[in-house]
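# Commentary on secondary and tertiary structure
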Amino acid sequence: MAFDVAALRQDFPILGRSVHGRPLTYLDNAATSQKPQVVIQALTDYYTQGNANVHRGVHLLSEEATQAFERSREVVARFLGLKESRGCVFVRGATEGINLVAETWGRTHLRAGDEILLTALEHHANIVPWQVAAERSGAKVVVVPVTPRGEVDLEAYRRLLSPRTKLVAFAHVSNALGTVNPAAEMTRLAKAVGATVLIDGCQAAAHFRVELPALGCDFYAFSGHKTFGPTGIGVLWGRPEILDALPPYQFGGDMIRKVDFDGTTFREAPERFEAGTPDIAGAIGLAVALEYFMTRQADAHAHEQKLLAAATERLLAIKGLRLVGEAPEKVAVISFLIEGGHPHDIGTLLDADGIAIRTGHHCCMPLMKHLGIPGTARASFAFYNTLEEVDRLAVSLEKIRKMMA
Ligand code: PLP
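Structural notes, computed from the coordinates.

Reading guide: rules and limits
- Residues numbered from 1 in each chain as written.
- Predicted model: local features only at pLDDT ≥ 70, side-chain atom pairs only at ≥ 80, totals over all residues.
- Heavy atoms only, no water.
- Near = heavy atom within 4 Å.
- Polar contact = N/O pair within 3.5 Å; in protein donor to acceptor, adjacent residues only side chain to side chain.
- Areas by Shrake-Rupley, 256 points an atom, 1.4 Å probe, with all protein chains shown as cover.
- Nonpolar A, V, L, I, M, F, W, Y, C, P; charged D, E, K, R; others polar.
- Disulfide = S-S within 2.5 Å.
- Buried < 20%, exposed > 50% of the residue type's maximum accessible area, 1.4 Å probe, protein only.
- Salt bridge = Lys/Arg side-chain N within 4 Å of Asp/Glu carboxyl O.
- Helix = DSSP H or I, 4+ residues; strand = E, 2+ residues; numbered from the N terminus.
- Pairing = 2+ DSSP bridges.
- Axes fitted to C-alpha atoms, helices over the stretch in contact; angles between N-to-C directions.
- Contact = heavy atoms within 4.5 Å.
- Parallel < 35°, antiparallel > 145°, perpendicular 65-115°, else oblique.
- Left-handed = near helix turned anticlockwise from the far one by under 90°.
- Core = buried A, V, L, I, M, F, W, Y, C linked by side-chain atoms within 4.5 Å.
- Domains from an automatic or database assignment.

Near the ligand, the surroundings consist of Ala 94, Thr 95, His 123, Ala 125, Asn 175, Asp 200, Cys 202, Gln 203, Ser 223, His 225 and Lys 226. Between Lys 226 and the ligand, the recorded distance is 2.6 Å, taken from a side-chain N or O atom to an oxygen atom. Coverage of the ligand by the protein amounts to 85% of the 390 Å² it exposes when considered alone. Residue composition of the shell around the ligand, grouped by class: three nonpolar, six polar and two charged.

By the definition in use, this model includes zero disulfides. Of all cysteine sulfurs, the one in Cys 363 lies closest to Cys 202, which takes part in no disulfide; the gap is 10 Å. Distance from the sulfur of Cys 363, which forms no disulfide, to the nearest cysteine sulfur (Cys 364) is 6.9 Å. Note on Cys 363: relative accessible area 32%, which makes it partly exposed.

This part is about the pattern of salt bridges. Tallied over the full model, the rule gives 28 salt bridges. The partner of Glu 115 in a salt bridge is Arg 164, and the shortest N-O contact between them spans 3.0 Å. Placement of Glu 115 in strand S5 (residues 115-119) and of Arg 164 in the loop between helix H6 (154-160) and strand S7 (165-171) is noted, with a sequence separation of 49 residues between them. Given a relative accessible area of 47%, Arg 164 falls into the partly exposed group. The partner of Asp 353 in a salt bridge is Lys 399, and the shortest N-O contact between them spans 2.8 Å. Residue Asp 353 is located in the loop between helix H12 (343-352) and strand S15 (355-356), and its partner Lys 399 is located in helix H14 (residues 387-404); the two are separated by 46 residues in the primary sequence. On the accessibility criterion, Asp 353 (10% relative accessible area) is buried. By relative accessible area, Lys 399 is classed as partly exposed at 43%. Residues joined in a network through salt bridges with shared partners are Glu 155, Arg 158, Glu 185 and Arg 188.

A separate point is the sheet that holds strand S10 (residues 234-238). Read from one edge to the other, the open sheet built from seven strands follows the order S4-S10-S9-S8-S7-S5-S6, with strand pairing classed as mixed. On the outer flanks of this sheet lie strand S4 (88-91) and strand S6 (140-144), each paired with one strand and no other. Between one strand axis and the next, the sheet turns through 20° on average, direction left out of account. With five bridges connecting them, strand S9 (residues 219-223) and S10 associate as antiparallel partners.

Polar side-chain contacts of Asp 353 include one of 2.6 Å to the side chain of Ser 396. With sequence-adjacent residues up to four places away left out, Asp 353 is seen in contact with Arg 22, Pro 23, Ser 396 and Lys 399.

Moving on: the packing of helix H3 (residues 60-79) against helix H10 (residues 280-294). The contact between H3 and H10 brings their axes to 8 Å, and the two run at 40°. Comparing their axes, H10 and H3 come out oblique. Here H3 and H10 pass one another in a crossing that is left-handed. When H3 is examined against H10, the residues Ala 65, Ala 68, Phe 69, Arg 71, Ser 72, Val 75, Val 76, Arg 78 and Phe 79 are found in contact with a partner set consisting of Ile 280, Ala 283, Ile 284, Leu 286, Ala 287, Leu 290, Glu 291, Phe 293 and Met 294. When its residues are assigned to classes, the contact of H3 with H10 shows 14 nonpolar, one polar and three charged.

Leu 80, Tyr 220 and Phe 383 are the most contacted members of the largest nonpolar core, which totals 83 residues. Here this core spans two domains, since at least three of its residues come from each of domain 1 (5-30 + 297-404) and domain 2 (41-294). Excluding anything up to four places from it in sequence, Tyr 220 contacts Leu 80, His 172, Ile 199, Gly 201, Ala 204, Val 210, Leu 212, Leu 215, Val 235, Leu 236 and Trp 237. Trp 105, Leu 118, Leu 167 and Cys 202 belong to the second-largest nonpolar core, a separate cluster that totals 28 residues.

Written as structure tokens, this is what we have:
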């Protein structure tokens, strides 16, 4: 199937709307992606025809809902290149997935003197849970620096890894800069010192094929809303044997084997970590989104790389514009600054032209401090963006640059 971006855009109703009288140019995909009609329809269908609580129901609707929910787990497993779905835990999103690991794995494995190795480009969601786990256990957070181009300093990473390193947690892709980290290599090095590895896959999952067996990590988290699915649903994958040995995260229905006032026993993964009624519609919508994306993934990536190359060239031609993050391996995310202009003003002026970008620290305050800047303006692309939109962005920025000069 040829990659026809104009036809594909028809699948995303919101892309047809206008903003401030201009056609919407949505370049805030790293914050959240738009949803194809098939996902919106799946949510409507579920609530109009299929709504019932999952598991243990003996009536048809409950059986159907359970089947659809569990089928969604199978789709997630396929999306991650896994043969079995048991390690796929439905959570609210990457944030909850990382918190789950920091709380349960952190509580049982971290001791005083242990080190948790993070990189300077992490999202707050992959920093703060570890800071709290470190405070509680007496472990220490150690940070791998980032080079001026926005890459993890691999020399420093090698140096900082030691037998004290109990956990390494890093982003597969930086949300602020677009850098693709060498995740398999970083995992291999961490494993060589016996560390457990968590990868925050939030920004990777929407851009290229993720093959967990090839990465070799122990935990991987991503959010549905960044991968063309609904908000409120995400996935934490963990090695089943590690998950089964962890204490539960929350307690209640569905995660128990037997409850007695004399004591309670818990189920294995994934149910062990899915206390209470899950986001059934969310899981079903996510599966539809992932299936939609999977059929277009290879072409989508090539198309996005074209957008990245074109946007980089056009933006670099603007006087006084500086790119922040110039790693050779990037997804289509461009962070930049314009001399004399505050990122928030750039964002507001672009909005007047119907162009949605994000400005500020991008939930990466330590990275901004590390780079010596308060924040950036960030245009982040998805596979439904077009070269015409790159042009609109460049033309608008040129106008803004003149206003700011
Ligand atoms: N990690 C990264 C790299 C992100 O970009 C984000 C969101 O921007 C998160 C984690 C948190 O994701 P969520 O808010 O969906 O839990």
